[in-house]
Amino acid sequence: VSTMNAKTSSAGEEEASGMSSETLGEAKRQQVIRTAYVIAALDLTFLFMQMGLMPYLAKSLGLDSVGFGYLQTIFGVLQLVGGYIFGRFADRFGARAALILSCASGSIFFLLMSLSTNIPLLFLSRLPGVFMHGIPGAQKVITDVTTPSQRAGALGKLGFCFGVGIISGSAVGGVLSTKFGVYVPTYVGLVGSLINTLIAVVCIPSQTKPKSDHHMTEHSDLFSIREILRLMKFPGVKEVFIVKVFAGFPIGLFMIMFSIISMDFFGLEAVESGYLMSYFGVLQMVVQGLVVGKLASRCSEMTLLRLSVFVFAGVGLGMALMRTVWHYCIIAAPLVFAFSMLATITDSILTKAVPSSDTGAMLGICASVQPLTRTVGPTIGGVLYKQFGVSSFGYLQLMVNLGLFVYLLKSKIPLEDMKSQ
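In this text, all values refer to a predicted model and were calculated from it rather than measured experimentally.

Student: Residues and numbers for the overall build of the protein chain, please.
Tutor: Along the protein chain, the regular secondary structure elements total 18 helices and zero strands. The buried share of the protein chain, taken over its 421 residues, is 50%. Here the contacts in the protein chain between residues at least 6 apart in sequence split such that 86% fall between residues at least 24 apart. Taken as a whole, the protein chain presents about 19,600 Å² of accessible surface, with 68% of it coming from carbon and sulfur.

Structure representation (structure tokens):
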């Protein structure tokens with residue numbers, strides 16, 4: 001009897017120890033996720049600081065509107081090419097190494113901007129942008145440390161960081177450049193990016209997923225069209241990626257042209273445009289922080305994907321009929337909801353659809369969608385606005401998303417076959 005009691009006591013201690021270990025592991029995972037949020041929020045703050053600064057810096061160096069367009073296009077192309085390479089780098093060397101690369105590239109980016117006393121140096125400062133992918137880096141960390149059921153909610157909260165970045169970056173950048181000079185935000189960005197690098201080094205574990213999940217060979221290329229095509233062959237990937245690209249493309253064109261539309265169509269001053277951007281940031285924080293996660297835990301991903309496309313179609317109709325900036329403020333709420341939900345759900349679905357060793361590459365491909373829009377958008381958006389007016393963006397949004405909604409209703413996307421890590 002005493003032997004049996006001893007065994008029972010030992011088993012109980014082992015069970016308690018296991019529970020304690022599991023709790024400790026969960027606490028560590030939550031800490032890593034929170035650190036990823038902090039890095040993403042700081043990265044976006046510095047990015048939006050320079051976005052507000054760039055037109056004034058370019059103008060002070062004598063760059064005209066055409067040259068500024070070339071500058072933006074170069075940055076878009078670098079981000080487009082670099083997104084997939086960055087994702088493959090994360091798969092091969094780990095999420096921590098990828099985040100460190102992104103933050104260090106940001107430091108070089110701001111250093112070159114602070115030294116940009118002429119136009120060639122300003123163009124040269126865009127080059128580190130090829131590896132500046134703070135959000136995909138944070139997404140990779142979160143993807144590695146969450147289960148498939150937790151992923152959509154955890155990824156959705158990154159949008160809260162996006163809202164923080166828009167509001168704080170725009171406000172801080174404007175105040176610093178106005179009161180202390182156009183180069184001061186670049187100094188702040190440089191120091192901040194160095195601090196972000198240090199946070200990534202100290203607080204992100206060198207290994208964020210089991211070693212058994214690393215299947216990429218050491219000799220595989222960081223950029224390979226064959227690898228992209230291989231990922232697109234997994235069940236459901238091609239279909240969901242098509243929806244991701246086309247559902248948000250028309251509104252992407254509108255946002256690219258927004259600075260011109262806000263002046264010509266809405267008649268806004270620069271300060272009023274800043275208030276409107278802050279309003280968008282608040283909406284983003286509310287939607288991502290309070291709505292997306294709760295819906296993701298209660299509804300299936302396919303239901304939410306269809307919902308976001310349907311809401312996008314309604315937004316298109318509203319945009320086609322809007323006449324004042326107040327109409328746009330009303331439309332902005334469902335617009336931010338659809339945009340946030342689409343991005344979160346498609347990223348969640350696509351990372352579950354591929355092996356865990358390829359999640360970085362998949363996130364890199366997803367991150368290339370917006371740079372692609374920024375690259376081809378100015379030309380297409382300019383033609384639409386000049387030839388057909390603001391309503392053309394709304395009608396295009398309506399037609400594209402109605403078509404995608406019908407496609408999602410009729411097609412049998414095999415989500416149930418998607419692999420869980």
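Student: Please provide a residue-by-residue account of the packing of aromatic side chains, values included.
Tutor: As enumerated under the stated definition, the model contains 11 aromatic pairs in all. Counting every residue linked through ring pairs, the aromatic cluster contains Phe254, Phe265, Phe266, Phe280, Tyr328 and Phe393. The residue whose ring lies beneath Arg126 is Phe75, and the NZ or CZ to ring-centre distance is 5.4 Å.

Student: Which residues make up the pattern of salt bridges, and what values go with them?
Tutor: Under the definition given, this model contains four salt bridges. Between Asp347 and Lys244 there is a salt bridge, and its shortest N-O distance comes to 3.0 Å. Residue Asp347 is found in helix 15 (residues 325-353), and its partner Lys244 is found in helix 10 (residues 237-247); the two are separated by 103 residues along the sequence. For Asp347, a relative accessible area of 7% corresponds to the buried category. The buried category is assigned to Lys244, whose relative accessible area is 11%.

Student: How would you summarise the nonpolar core if you had to cite specific residues and measurements?
Tutor: The biggest cluster of nonpolar side chains holds 63 residues, and the ones touching the most others in it are Phe254, Tyr328 and Phe393. Looking at this core, the element that brings in the most residues is helix 15, giving 15 residues. Sequence-distant contacts of Tyr328, that is, excluding residues within four places in its chain, are made with Phe254, Met255, Phe258, Phe266, Leu276, Phe280, Met322 and Leu335. In this structure, Val32, Ala41, Ile142 and Leu155 belong to the second largest nonpolar core, which totals 21 residues.

Student: Mind laying out the side chain of Gln284, listing which residues take part and the relevant values?
Tutor: Among the structural elements, Gln284 can be located in helix 13 (residues 270-298). Residue Gln284 is classed as buried on the basis of its relative accessible area, which comes to 13%. Not counting chain neighbours up to four residues away, the residues in contact with Gln284 comprise Gly159, Phe162, Gly163, Gly289, Val336 and Ser340.

Rules behind the numbers
Residues numbered from 1 in each chain as written. Predicted model: local features only at pLDDT ≥ 70, side-chain atom pairs only at ≥ 80, totals over all residues. Heavy atoms only, no water. Helix = DSSP H or I, 4+ residues; strand = E, 2+ residues; numbered from the N terminus. Buried < 20%, exposed > 50% of the residue type's maximum accessible area, 1.4 Å probe, protein only. Contact = heavy atoms within 4.5 Å. Areas by Shrake-Rupley, 256 points an atom, 1.4 Å probe, with all protein chains shown as cover. Phe/Tyr/Trp six-rings, centres within 6.5 Å; stacked < 30°, edge-to-face > 60°. Lys NZ or Arg CZ within 6 Å of the ring centre and 35° of its normal. Salt bridge = Lys/Arg side-chain N within 4 Å of Asp/Glu carboxyl O. Core = buried A, V, L, I, M, F, W, Y, C linked by side-chain atoms within 4.5 Å.

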